[in-house]
Structure formats: C-alpha cells, structure tokens
Amino acid sequence: MSSTTPISILPAAPLEPGARLPSLHDFFAQGGILSRSSLSFEYRRGQYDMARAIEKAFEEKRHLIVEAGTGTGKTLAYLLPALRLARERQQRVIISTGTKNLQEQLYFKDVPFLESLLGPLKVCYMKGRGNYLCRHKLYALRDNPILSGLEEIDQFHHIAAWERTTETGDRAEIDALPETSALWHKLDARTEACLGQSCPDWERCFITAMRRKALESDIVIVNHHLFFADLGIKQQAANAPDAGILPEAGAVIFDEAHELEEVASNYFGIGLSTQRFDELTRDVEMMLKAKQASTAAIESACGTLHNRARLFFSALPTEPNQTVGRMPFEHREEFLEESGDMYTATLNALTRLEGELERVKNVDEAPGLRKRAADIRAHLAFLLESSDRNTVFWIERRAVGGVRNLARGHANAAFNTHLQATPIDVSELLETSLFNIYPSVILTSATLTVSGGFEHVRKRLGLTTARELVVPSHFNYEKQALLYLPPNMPDPRDAEFTAKAAERIRRVLELSRGRAFCLFTSYNQMREIYERMLAELPYPLLLHGTAPRHVLIEQFRNTPNAVLFGTSSFWQGVDVQGEQLSCVIIDRLPFAVPTDPVVKARMHAIEENGGKPFFDYQIPSAVITLKQGFGRLIRSLHDRGVLMLLDPRIQRQRYGRIFFESLPPYRLTQEITDVENFFHPKT
C-alpha cells in the first residue's frame, strides 16, 4: 500500500477500551494517527515496511529477522503489530530487550505514548526475581534478626519500612540501598530459595502478583537475561506447571537480538564459585535459626562444606602471572588425579548436608535447601566429570568489586575463582527450546548483517527458516558523520602503537573540545591512554570502573566537554543525543581474543567442520561489535560528529572491505584538516 493511499477517518481522541485497533496503514501513513500525535512526525517508509513484515510473520506463524537502522522507529514498528495480535487473536506477546534501559524506555515512554493515542493497553514489565523482595525472608529476619554490623541493621530498617508501602517490591524504588548491598541477597526472591505455593506469604508475594499481572497482560516486557533464565528453569522442570514466571505466549520479539548467542550461552551453561556455596550455607543457617530448627549437626555440616569448597577452589589450576581473566580447564583428568581428594571431600560435604536437611521436619524451607545442595552437587560433578563434546570447560578469576578494582590497578584486590561450562554451539539448543516452541519469533537490531547478509546470525542461532528484512537507517550518515582513519598508524600489536594512538587521540579531542567516547578493547590500553590524557587535556575525564556504569553515563551527560574512557559494556546500549557526544574514538578492530577458552573452542569446532574460523566467526563478530561501537554517535536526525578508528588493518588487510561493506555510508577521510573543518567550518 503506498503512502498516498487514502486513509479511513479516525477519531482524534484515544480509542474506547477494548475497541478494535487501527490498521498499520491508518496508524503509520501520512495523515494517519501517528502524524497527528505530539511527536514531530516524518513519514518513514522503513518503519511501515517493518511493521507490515512483522504482522505478516505473525499471520503466517513464521520467524523473521529485521535489521533496522538507528532512527527507524523500530519500537513502534513492532509494538503496534504485537498489540494487534494480542487484541484481535488473544495471543500474548513477550518482548525481550538486551538492556534494562530499553526495557524501561518501552514501558515508561513508548507504551504511555501509545496509550495517549489508542487508549488503555494491557502491558506489564518484569525483571529477574533477584530484583524483588521476598516477604517471607523479611519476616523471618525480623522475628530472628541475624545481621552483620550497623550498616545491615540500618538497611534492614529502611527495607522493612518500605515493604509496608511498596506495591511492586522492586528494589529500584529504594534509592538509599547500595548496589552492592549484602543484605539484599538475604532478602530477594530468587528461585532457589522460593517455597512456591507452600509459602505462608504466597498470596501477598510480589512474584505472585507479578505473575498474575503477566497472565492478564497482552504484552509482557522483559530482558534477555530474564527470558533465558526462565527458559532454563522450564527446561529443567518440564513437568512442573508452576516452573518459571513468564506466561505462555504466541510470539516473542527480541530487540537488540545481536546479544542472543552470548546471553543464551550463559544460561545454557553451568557455573560454580565459592559464592554459591557460601550463599547456600548462609541461607541454611539463617532460615533454620529463624525457625529455631538448626542443630549442631547442621551447623557442623555447613562449616565443613564452607571449608571444603574453599580448599577445592584454591586447588584449581592457575596460569603463571595471571591475576584475573579466563583460562581453559582442559586437563580435568590430571586435576582429579592430583587433587581428586578435595573434589571428593566437597561432594561428600554436600551429601552430608543433604542428609542433615532431610532429617529436618515441619520446616517449609528444608526441602528447597536440600534441593539446592543436590543441584550444586550435580553441577560440580558435571563440571569435573562430563565428557559432553559441545561444552568447553574453563576457569575465571575475577577481582572482587569487578572493574572498579581493575580501574585502580587492583594492587591489593581480592579475587573470586569461578568454574564454568559453556556450550560451544547454541544453535541446536535455541532451535529446539525457542524456535520450535514459539510459532513466531522476531529478531531485530540495528546490527545483525555482515556485508548486507544475515548468514552469520542465522548460523550462530540455528535459525534455519526465517524471512529477512533490512530497513535502512533514516539518518543521512554522509552529512551527519565523518569517519577519520589517521594515516601512518602502526599495527596495534606493535610496541609503538600506544604512543601514536595517544598522539592522535589528543589532537582529535582538542578539535572536538572533549565531548567524546574513547572505546577500547582492553582495560590495560584504556588505563594507559587515560593516564597519558590526564596530563595533556584540560577536559573532565571519566574512567570505566571508577563508578557504576549508569552513574558514569549521567556524569558524562551533565558535564560539559567530558570524555569517557570505556571498554566493552560502553560499546552498546548507551544513548547520548546532542552535542554532548560529538566524537567516538575506537582503538582497534574488536576481534575476540583467540586465546579466550570459549572463542578458542568455537574456532576449533568451526575448523573441525571444514570452516574457516577467522572468516566464519571472528570477522563477522568483530563487524557487529564495531557497528555497535560506532552506533553510539548518531542517535537522532540532528546529531553530527566524527568517528575515528586507529587500527590501520581496516585499510591494509583484504578483510577490511568486509567492515567497509557492513558500515553505514559515512563520509571517509584520512586528512586531519577535514576533521578540523567538520568541527570548526571556515566561513
């Protein structure tokens, strides 16, 4: 249908509750409902095409992949077809986003906007269970307080007072509660400690209320982590009707779908650390003491498990001079020969605790605690003894406090050791547990294609039968953005690269007067360049790791001429519009580290199957990441700025053309004078 087709006469006021929703044409066309809204309307053919493709996929029960360039207006393009499917065919739709930011934008901005045009909508918003308060735990602690220090006591009083007034139980409502609050983990509603319908507080439970609201909703907005956590729970408890918290749905829409392989890998995998053991023993002691059901034998079993687990994790192999990072756990048989007694002692300690918990009668929490111990024992056995060929086993040491300690150089930092098992290929898992279960799955993102095609994402996700659509961006990249590739740069692996990069970065930041993101592929490179710039630039410099991510973003938005130095988590999901962000600088092509255990295993699997790991996996992954990083710059029709890539391989190596073919049509230059004229045009 063309944009000039006459539209039906539509009411200017919102529709009556339950009324038939307008057609896509009546909503998106010139002169339609959207054009008469409070938005500054400009007809976008791509937005309309995307909405029609999604509605057709719903009608035909087909899957669809859509790359929708920034500025397409893709959220409205999938929200209206989803609402029409739910309203007219009574088929609920789950919308899953990659970030909480987009989740909140959908629920608190886009949905109210649609309600102003269409009338009341049945939409709800769900986070992971760890975000919600468990009233049963709170009351148990109130009656038998077991708190550590004045800080926890003060936090407990704040939470107890808030519980009496909150309608959602969402911890985000408590501004004064630190992100790192140890007390919250004693009170949240995570699955492993949930009593289900046997809980005396079931009817007043925030999770129960959230479930009820979801069952009454046409659209349920979640994030990828919650979706896959729920999928994993349902797989493990296939015959349990109450497993998971997400309701049944006729379709799922994944926004920011470029993250699916990574998120699915995490949730289809298994991980253990001392923290999981500590949480189990802590909960056993806390809950049973609160019910006055603890015994000397249980306390002894908890103490033994605590000690055995710590000895086991301390015995895991390490690489020379490695303080943090990942390493493969390739020689598990040798480890069992040398340290099998520690592994066996940990299994025995878990079995002993299970036995002691089985003796506890008339305590609702005991069966759940016993199951947690059994699950940990099964996971530990899998991690040490499984021969699953589609799994890579690895060890990671993480600084306590994460990137904050890394940003400070972690000289005196403590470390946690994590033992992990990750599926090498998630395509079959996704095909059987997602694409074969839901009649229609929509994948969308601004960055899904490589050289204009979807072959990479199809292969990695197991999406064999899906329609495809590429919607060009609404932006004029040739006028709005300049891509600067500085000449005569050394290879990033050369020793002189850092000094040359610092020189080029300083010059461009002087021209842009700060107002920039400097994005890096490694913490070490980021810190070194940051420290050089501290002495050479007069602008406020913000460093990844010195504060929580959302705090740094707000500081950047509110600080004139600021420069933010960041690594991986700042490459995507960050939206800063206007002149405040006028430059994005990237140090090198973001190839995955080939020695990373998961990357190495995936490359080996591709090679075994006759493929070319570098071209089939590393280049496509790097292309998508680079598109995400550069995508931070132009976020609206009025944004303009300079992109700089310091890596000369994009021009010197033959594979560089794949990157150029995949990027938007930026204006390209190697001349610094073009950068100067862009920021300071001559009159």
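Residues numbered from 1 in each chain as written. Predicted model: local features only at pLDDT ≥ 70, side-chain atom pairs only at ≥ 80, totals over all residues. Heavy atoms only, no water.

### Concerning the nonpolar core
Then, number 1: Counting residues in each nonpolar core, the largest one holds 54 residues, and the members touching the most others are I159, V284, L288, F312 and L384.
Then, number 2: L24, A57, L64 and L83 belong to the second largest nonpolar core, which has 43 residues in total. (Core = buried A, V, L, I, M, F, W, Y, C linked by side-chain atoms within 4.5 Å. Buried < 20%, exposed > 50% of the residue type's maximum accessible area, 1.4 Å probe, protein only.)

### A look at the pattern of salt bridges
Then, number 1: All chains considered together, the criterion is met by 41 salt bridges.
Then, number 2: R190 serves as the salt-bridge partner of D188, at 2.8 Å between the closest nitrogen and oxygen. Assigned by exposure class, D188 and R190 land together as buried.
Then, number 3: In this structure, the salt-bridge partner of E279 is R190, at a minimum N-O distance of 3.2 Å. Taken together, the residues span a long stretch of sequence, with E279 in helix α11 (residues 274-290) and R190 in the loop between α7 (184-187) and α8 (206-215) at a distance of 89 residues. Here E279 matches R190 in class, with each residue buried.
Then, number 4: A network of salt bridges, in which partner residues are shared, links R20, E55, R84 and E88. (Salt bridge = Lys/Arg side-chain N within 4 Å of Asp/Glu carboxyl O. Helix = DSSP H or I, 4+ residues; strand = E, 2+ residues; numbered from the N terminus.)

### Describing the environment of Q580
Then, number 1: Secondary-structure assignment places Q580 in the loop between β15 (563-566) and β16 (583-586).
Then, number 2: Each residue touching Q580, except ones within four places of it in the same chain, is listed here: R515, A516, F556, R557, T559, P560, N561 and A562.
Then, number 3: A distance of 2.7 Å separates a polar side-chain atom of Q580 from the backbone oxygen of F556. (Contact = heavy atoms within 4.5 Å. Polar contact = N/O pair within 3.5 Å; in protein donor to acceptor, adjacent residues only side chain to side chain.)

### A closer look at the pairing of β15
Look at any regular strand and the pattern is simple: side chains alternate between the two faces of the sheet.
Then, number 1: Here β15 shows no split at all, with V563 and F565 on one side and L564 and G566 on the other all buried.
Then, number 2: The pairing of strand β13 (residues 516-519) with β15 spans four bridges and is classified as parallel. Bridging from a neighbouring strand, F517 pairs with L564 of β15.
Then, number 3: Relative to β15, strand β14 (residues 541-543) runs parallel, the two sharing three bridges. Within the sheet, the bridge partner assigned to L541 lies in β15 and is V563. (Pairing = 2+ DSSP bridges.)

### Quick word on helix α26 (residues 672-679)
Then, number 1: Among all positions in α26, only V675, F678 and F679 are buried. Within α26, the buried residues cover an arc of 90° as seen down the axis, which keeps them to one side.
Then, number 2: Looking at the packing, one finds that the buried side of α26 touches α18 (477-480), β12 (481-484), α19 (497-512), β16, β17 (641-645) and β18 (667-669). (Arc of directions from axis to C-beta.)

### Quick word on the side chain of E354
Then, number 1: Relative to the helices and strands, E354 resides in helix α13 (residues 332-358).
Then, number 2: Non-local contacts of E354, meaning those with residues more than four positions away in its chain, are made with R370, A373, A374 and R377.

### Re unusual backbone geometry
Then, number 1: At E256, a position not held by glycine, the phi torsion is positive, near 60°.
Then, number 2: The backbone of N362 shows a phi angle near 60°, a positive value even though the residue is not glycine.

### Observations concerning the sheet that holds strand β6 (residues 270-273)
Then, number 1: One open sheet holds the four strands; their spatial order is β6-β9-β8-β7, and the pairing between them is antiparallel. The open sheet terminates on both sides in strands that have one partner only, identified here as β6 and β7 (325-328). Going across the sheet, the axis of each strand differs from the next one's by a mean of 20°, ignoring polarity.
Then, number 2: Here strand β8 (residues 391-399) pairs with strand β9 (residues 415-423) via nine bridges, running antiparallel. (Axes fitted to C-alpha atoms, helices over the stretch in contact; angles between N-to-C directions.)

### Regarding helix α6 (residues 149-163)
Then, number 1: Relative to the 21 Å expected for 15 residues at 1.5 Å per residue, α6 spans 21 Å between its end C-alpha atoms, a close match to the ideal helical length.
Then, number 2: Buried within α6 are the following residues: E152, Q155, F156, I159, A160, W162 and E163. For α6, the arc enclosing every buried residue in end-on projection is 160°, short of the 170-degree limit, so these residues lie on one face. Opposite the buried face of α6, at more than 90 degrees from it, the exposed residues are L150 and H157.
Then, number 3: Contacts made by the buried residues of α6 are with α5 (135-143) and α7. (Expected span 1.5 Å × (residues − 1).)

### A few points about the sheet that holds strand β1 (residues 63-68)
Then, number 1: Reading across the sheet, the seven strands line up as β3-β4-β2-β5-β10-β1-β11 and stay open at both edges, with parallel pairing between neighbours. On the outer flanks of this sheet lie β3 (123-125) and β11 (466-471), each paired with one strand and no other. Pairs of neighbouring strands in the sheet enclose a mean axial angle of 15°, with direction left out of account.
Then, number 2: Taken together, the six bridges between β1 and β11 define a ladder with parallel strand orientation.

### Section: the packing of aromatic side chains
Then, number 1: By the definition in use, this model includes 29 aromatic pairs.
Then, number 2: Pairing W162 with W184 gives two aromatic rings, centres 6.4 Å apart and planes at 55°, and the pair type is tilted. With a gap of 22 residues between them, W162 in helix α6 and W184 in helix α7 connect regions that are remote in the sequence.
Then, number 3: For W162, a relative accessible area of 10% translates into the label buried.
Then, number 4: With relative accessibility at 1%, the residue W184 sits in the buried group.
Then, number 5: On the numbers, 6.0 Å between centres and 20° between planes, the contact of F228 with F254 is stacked. Of this pair, F228 sits in helix α9 (residues 224-236) while F254 is found in strand β5 (residues 251-255), placing the two residues 26 residues apart along the sequence.
Then, number 6: Given a relative accessible area of 1%, F228 falls into the buried group.
Then, number 7: Of the residues examined, F254 reaches a relative accessible area of 0% and is grouped as buried.
Then, number 8: Within the aromatic cluster, the residues linked to one another by ring pairs are F277, F312, F313, F329, F335 and Y343. (Phe/Tyr/Trp six-rings, centres within 6.5 Å; stacked < 30°, edge-to-face > 60°.)

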